[in-house]
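Chain residues, written in single-letter form:
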Amino acid sequence: MNKLLSFAIAVLVACSTTTATAQKQTPPEGGAPRNFTLPEKQEFTLPNGVSATLVPFGDIPKVTVNMVVEAGNVHEDENENGLADIVGKLMEEGTATRNGKQIAEEVARMGGALSISIGPNQTFIYGDALSEYGPELVRLMADILQQPAFPDSELERIKNDFKRQMNLARAQPGTQAQSKFRGALYPNHPYGRDLPTDEEIDAFTLEEVRNFYKEQFGAARTDVYVAGKFDAGAMQEAITSSLSQMQRGPEPEIPVADPVAKSDMIVIDRPDAPQSTIVLGLPVVDPSHPDYIPLRITNSLLGGSFGSRITRNIREDKGYTYSPSSSIATRYKVGDWSQVADVTTEHTGNSLKEIMYEINRLRREPPSEEELQGIKNYEAGLFVLRNSTPGGIIGQLNFLDLHDLPDSFLTNQVENIHAVTPQQVQETTAKYIRPSDMTLVVVGDKKQIDKQLQKFQEDLKSNPATQ
């Protein structure tokens, strides 16, 4: 692990850019790229369908356990928006054998922590503890997973807390923009739903909570990941003894979205706002596609890293924004690319113009070998860092399982990153980053930005490079 960290840090330092006004010094050369070696893992499946993966990793006497259930927001019906979150929050409040306070005290005694989080596709019961308590931690987490009490006394408090969280999120222009963007790309899928409202949350009953758990949770949808320093035999025995009686439940099933790519502009008025929040993007490929790694490198060069072209243009050169970024959102069997920026109101149109300029430039001309090499070093270094902790390893293995990817997706990734050519980047940009198919969402002061946006649209339609 130390060698991996040293290599990653050296690579990141090597490709960083000095911004001081003094004469720049040539950074030290990074180490030679090396593929990631996946630690030897032990895998087994219980008769009821529970799948387990054990990965010895590192010398620190701690162990990390993640019980992942394929049950998330995508499994909610239209009238259940946010119900999975309520289920997860109530699961933390106790089981048939111990209450929430007792769970917290037990985990603290083990020198660890425990949490439950809900994602679009999965529920995560995550815990860590000192190595000697690994089997005990597994049994505690298995109790939470299989015997949640769903105490009626806590339901109103949980719902009120969730409403406050949703209202705070809804007040943020970034959240507003992202919600409208997802809604435009995924209009007929749970990925495109807005945040749950107070009325939706208030309507949830304890019966609905229990029904969702009964219908969506089960052994066939459960994967257990263990990483760190532990006794493999003891951990396998703890998993087997504590989860073998779990009901098989429903088979794994995630509805695959059919995203929409179309030229569209959505404006949300935010009177007197000093900034406009921009989200601009379109559907792209998922990780199983051969173009995914070239697309990731393209994204990093275009807008997805601090040294990217769009960042240099509208942040460093123009001063329109402080922290623009682009990213690829990886969903189940689909994905989408977006550029996000909070820009000064008076330069909303100019910012969009410069973003399009950089996109079209990369669609026409491949980057230099030198520029691309810096980006590849950066991405390879980040990849190694992501695999430098037990939690990181678990995250990567869960990513493989969710997306039905082979181990080679990890073990060959550094090699595949460094195999990307300038011509591939140009071709990938032309193929996937298509301005004529992009959805644009802007949250800002309409009275100041309407004319700017109108001019931007006119210029976009008249520019052959965007077609």
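For every chain, the first residue of the written sequence is number 1, and numbering continues from 1 onward in sequence order. Restriction of local features to residues with pLDDT of at least 70 applies here, the model being predicted, together with a cutoff of 80 or more for giving and counting side-chain atom pairs; totals for whole chains, interfaces and linings are based on all residues. Hydrogens and water molecules were not included; the side-chain quantities draw on all heavy atoms of the structure.

1. Some thoughts on the pairing of strand E3 (residues 62-69)
Next, step 1: With 7 of 8 residues buried, E3 is to be regarded as a mostly interior element.
Next, step 2: One bridge is not enough; two strands pair if DSSP finds at least two bridges between them. For helices the rule is a DSSP run of H or I covering at least 4 residues; for strands it is a run of E covering at least 2, with both sets numbered from the N terminus onward. Two strands pair when backbone bridges link them, and E3 and strand E5 (residues 123-130) are joined in this way by 8 bridges, in the antiparallel orientation. Its bridge partner lying in E5, Val65 is registered against Gly127. Type-normalised accessible area, obtained with a 1.4 Å probe on protein chains alone, sets the label of each residue: buried when under 20%, exposed when over 50%, and partly exposed for intermediate values.

2. Concerning the pairing of strand E9 (residues 325-330)
If a strand is regular, its side chains alternate between the two faces of the sheet.
Next, step 1: Bridging between E9 and strand E10 (residues 335-344) involves 6 bridges; their strand directions are antiparallel. When the bridges of E10 are listed, Ala329 appears paired with Asp336.
Next, step 2: Here E9 folds back onto E10 in antiparallel fashion, the turn holding 4 residues, of which Lys333 has a positive phi close to 65°.

3. Digging into the sheet that holds E3
Next, step 1: Pairing is mixed across the open sheet formed by 6 strands, whose spatial order is E1-E2-E6-E3-E5-E4. At either margin of the open sheet sits one strand with a lone partner, and together these are strand E1 (42-45) and strand E4 (113-118). Averaged over all pairs of adjacent strands, the angle between strand axes in this sheet comes to 10°, irrespective of strand direction.
Next, step 2: The sheet strands contacting helix H2 (residues 83-91) are E4 and E5, and the helix crosses E4 at an angle near 165°. Note on method: axes are straight lines fitted to C-alpha atoms, helices fitted across the in-contact stretch only, with angles between N-to-C directions ranging 0 to 180 degrees. We call two residues in contact when some of their heavy atoms are within 4.5 Å.

4. Quick look at the sheet that holds strand E7 (residues 264-269)
The strands making up a sheet associate through hydrogen bonds between their backbones, and the pairing can be parallel or antiparallel.
Next, step 1: Pairing is mixed across the open sheet formed by 5 strands, whose spatial order is E7-E11-E8-E10-E9. Only two strands of the sheet have a single partner each, and these edge strands are E7 and E9. Strand-to-strand twist in this sheet, taken as the mean axis angle between neighbours without regard to direction, amounts to 20°.
Next, step 2: Where strand E8 (residues 275-284) meets strand E11 (residues 439-444), 5 bridges bridge the pair, whose relative direction is antiparallel. Within E11, the residue paired with Leu280 across the bridge is Leu440.

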